[in-house]
Amino acid sequence: QVQLVESGGGLVQTGGSLRLSCAASGSIGGSDRMGWYRQAPGKRRELVATVTRGGSTNYADSVKGRFTISRDNAKNTVYLQMNSLKPDDTGVYLCNLNRPYDSVRRLDFWGQGTQVTVSS
């Protein structure tokens, strides 16, 4: 139903910047929330940031003031601008699309992930 393709990961030094992109294809709805999660080796997957179609955003405390999520609804694409990167930001960054399934449940779709490595 939905395919998500990420790009933009890589290796960067502490204090550097990267911009991630995630292009969604398939059936994209007005209630879909898009966002980024990350997973470091040996750690649980964690929320980084989300954005609704209307532009409402939510950030993990650890990235507030450094990361900015944005969304181009015409292109069905979500971006994550990451500044002042730290080694703790290292991990696989996964694009997520979350949508209502019924009155109670929601569905999640995931991309394959893109590696971000921040060297000290």
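On a predicted model such as this, the values are computed, not experimentally measured, just so you know.

### Here's the deal with the overall build of the chain
Then comes step 1: A tally of regular secondary structure across the chain gives zero helices and eleven strands.
Then comes step 2: For the chain, the sequential pattern of α-helices and β-strands runs β-β-β-β-β-β-β-β-β-β-β.
Then comes step 3: A globule of 120 residues ought to have a C-alpha radius of gyration of about 14 Å, and the chain, at 14 Å, matches this closely.
Then comes step 4: With respect to the three principal axes, the spread of C-alpha positions in the chain is 45 × 30 × 25 Å.
Then comes step 5: Residues counted as buried form 41% of the 120 residues belonging to the chain.
Then comes step 6: Pairs at least 24 apart in sequence give 54% of the contacts found in the chain among residues at least 6 apart.
Then comes step 7: Counting only carbon and sulfur atoms, one obtains 46% of the accessible surface of the chain, whose full area is about 6,500 Å².

### What to know about the state of the cysteines
Then comes step 1: Taken as a whole and judged by the stated rule, the model has one disulfide.
Then comes step 2: A sulfur-sulfur separation of 2.0 Å characterises the disulfide bridge that pairs cysteine 22 with cysteine 95. When the S-S torsion is -85°, as for the bridge of cysteine 22 with cysteine 95, the disulfide is left-handed. One end of the pair, cysteine 22, is in strand β3 (residues 18-26); the other, cysteine 95, is in strand β9 (residues 91-100), with 73 residues separating them in the sequence.
Then comes step 3: On the basis of relative accessibility, which here comes to 0%, the residue cysteine 22 falls in the buried class.

### Examining the environment of valine 2
Then comes step 1: Its place among the elements puts valine 2 in strand β1 (residues 2-7).
Then comes step 2: The spacing of valine 2 and aspartate 72 is 70 residues in sequence and 17 Å in space, taken between C-alpha atoms.
Then comes step 3: Contact partners of valine 2, with chain neighbours within four places excluded, come to Ser25, Ser27, Ile28, Leu97, Arg99 and Phe109.

### Some points on the pattern of salt bridges
Then comes step 1: Evaluated as defined, the whole model comprises six salt bridges.
Then comes step 2: With a closest N to O distance of 2.9 Å, arginine 99 and aspartate 32 form a salt bridge. Here aspartate 32 lies in the loop between β3 and β4 (33-39) and arginine 99 lies in strand β9, a separation of 67 residues in the sequence. In this pair, the class of arginine 99 matches that of aspartate 32, namely buried.
Then comes step 3: Connected through salt bridges with shared partners, the residues Arg38, Glu46, Arg66 and Asp89 form a single ionic network.

### What to know about the side chain of aspartate 32
Then comes step 1: Owing to a relative accessible area of 2%, aspartate 32 belongs among the buried residues under this scheme.
Then comes step 2: At 2.6 Å, the side chain of aspartate 32 and the backbone nitrogen of glycine 29 are in polar contact.
Then comes step 3: In this structure the side chain of aspartate 32 is engaged in a polar contact, spanning 2.9 Å, whose partner is the side chain of arginine 99.
Then comes step 4: Contacts of aspartate 32, omitting those with residues within four sequence positions, involve Ser27, Thr52, Arg53, Arg71, Leu97, Asn98 and Arg99.

Calculation notes
Residues numbered from 1 in each chain as written. Predicted model: local features only at pLDDT ≥ 70, side-chain atom pairs only at ≥ 80, totals over all residues. Heavy atoms only, no water. Helix = DSSP H or I, 4+ residues; strand = E, 2+ residues; numbered from the N terminus. Rg over C-alpha atoms; globule rule 2.2 N^0.38 Å. Buried < 20%, exposed > 50% of the residue type's maximum accessible area, 1.4 Å probe, protein only. Contact = heavy atoms within 4.5 Å. Areas by Shrake-Rupley, 256 points an atom, 1.4 Å probe, with all protein chains shown as cover. Disulfide = S-S within 2.5 Å. Salt bridge = Lys/Arg side-chain N within 4 Å of Asp/Glu carboxyl O. Polar contact = N/O pair within 3.5 Å; in protein donor to acceptor, adjacent residues only side chain to side chain.

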